[in-house]
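Tertiary structure, described
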Amino acid sequence: AAEKSYSEAIKIDPRHYRALWGLGNIAQKQEKYQDAMTHYERAIAVNQYSPMCYLYFGSTLLSMNRPEDSLAACSKAESLDPRSKLIMYQKSHALLRLSRDEEALSLLRKLA
């Protein structure tokens, strides 16, 4: 039902970045990572100031075993919302995948 609603919203307004994000989120949960990437990229093109779009884009990249790209997306999200604990948590996952354990631990300590 959510997928249908998001699709309808995009038919009405192709620049509805929240609907694009929603479709990306659905695709990501279904492990359709390339589709998720496409939706997140479109959402970012519409609203380049949404930290959540970058965060979920980075999460998808990490699922696709692209930790360097994931870290870049999470860093962009962090620059837009430096206090977000969710962004710090996701960024720590990317750092761990890159064997940058001390940096990841430092971020995780900030969450405590």
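Residues numbered from 1 in each chain as written. Predicted model: local features only at pLDDT ≥ 70, side-chain atom pairs only at ≥ 80, totals over all residues. Heavy atoms only, no water.

This part is about the overall build of the protein. Of regular secondary structure, the protein possesses seven helices and zero strands. Counted from the first residue to the last, the protein has its helices and strands arranged as α-α-α-α-α-α-α. Expressed as lengths along the three principal axes of its C-alpha atoms, the size of the protein is roughly 45 × 25 × 20 Å. Taken across its 112 residues, the protein has 40% of its residues classed as buried. Sequence-distant contacts, at least 24 apart, represent 43% of the contacts inside the protein between residues at least 6 apart. As displayed, the protein has an accessible area near 6600 Å², and 50% of this comes from carbon and sulfur atoms. For the protein, the distance from the average position of its 16 positive side-chain charges to the average position of its 13 negative side-chain charges is 5 Å. (Helix = DSSP H or I, 4+ residues; strand = E, 2+ residues; numbered from the N terminus. Buried < 20%, exposed > 50% of the residue type's maximum accessible area, 1.4 Å probe, protein only. Contact = heavy atoms within 4.5 Å. Areas by Shrake-Rupley, 256 points an atom, 1.4 Å probe, with all protein chains shown as cover. Lys, Arg positive; Asp, Glu negative; His and termini not counted. Charge placed at Lys NZ, Arg CZ, Asp CG, Glu CD.)

Once that is clear, we can look at the pattern of salt bridges. According to the stated counting rule, one finds four salt bridges in the structure shown. A salt bridge links aspartate 69 to arginine 66, with the nearest nitrogen and oxygen atoms 3.0 Å apart. Its relative accessible area of 32% is what places arginine 66 among the partly exposed residues. Between lysine 91 and glutamate 78 there is a salt bridge whose closest N-O contact spans 2.5 Å. Of the two residues, lysine 91 sits in helix 6 (residues 85–97) while glutamate 78 sits in helix 5 (residues 67–80), which places them 13 residues apart along the sequence. Each member of the pair, lysine 91 together with glutamate 78, is buried. (Salt bridge = Lys/Arg side-chain N within 4 Å of Asp/Glu carboxyl O.)

Two numbers describe how helix 4 (residues 51–63) lies on helix 6: the axes approach to 10 Å, and their chain directions differ by 25°. What the angle tells us is that helix 4 and helix 6 run roughly parallel. The element helix 4 and its partner helix 6 pack so that their crossing is left-handed. Residues Pro51, Met52, Leu55, Tyr56, Ser59 and Leu62 of helix 4 form the contact with helix 6, whose own contacting residues are Leu86, Ile87, Gln90, His93, Ala94 and Arg97. Tallied by class, residues from the contact of helix 4 with helix 6 come to eight nonpolar, three polar and one charged. (Axes fitted to C-alpha atoms, helices over the stretch in contact; angles between N-to-C directions. Parallel < 35°, antiparallel > 145°, perpendicular 65-115°, else oblique. Left-handed = near helix turned anticlockwise from the far one by under 90°. Nonpolar A, V, L, I, M, F, W, Y, C, P; charged D, E, K, R; others polar.)

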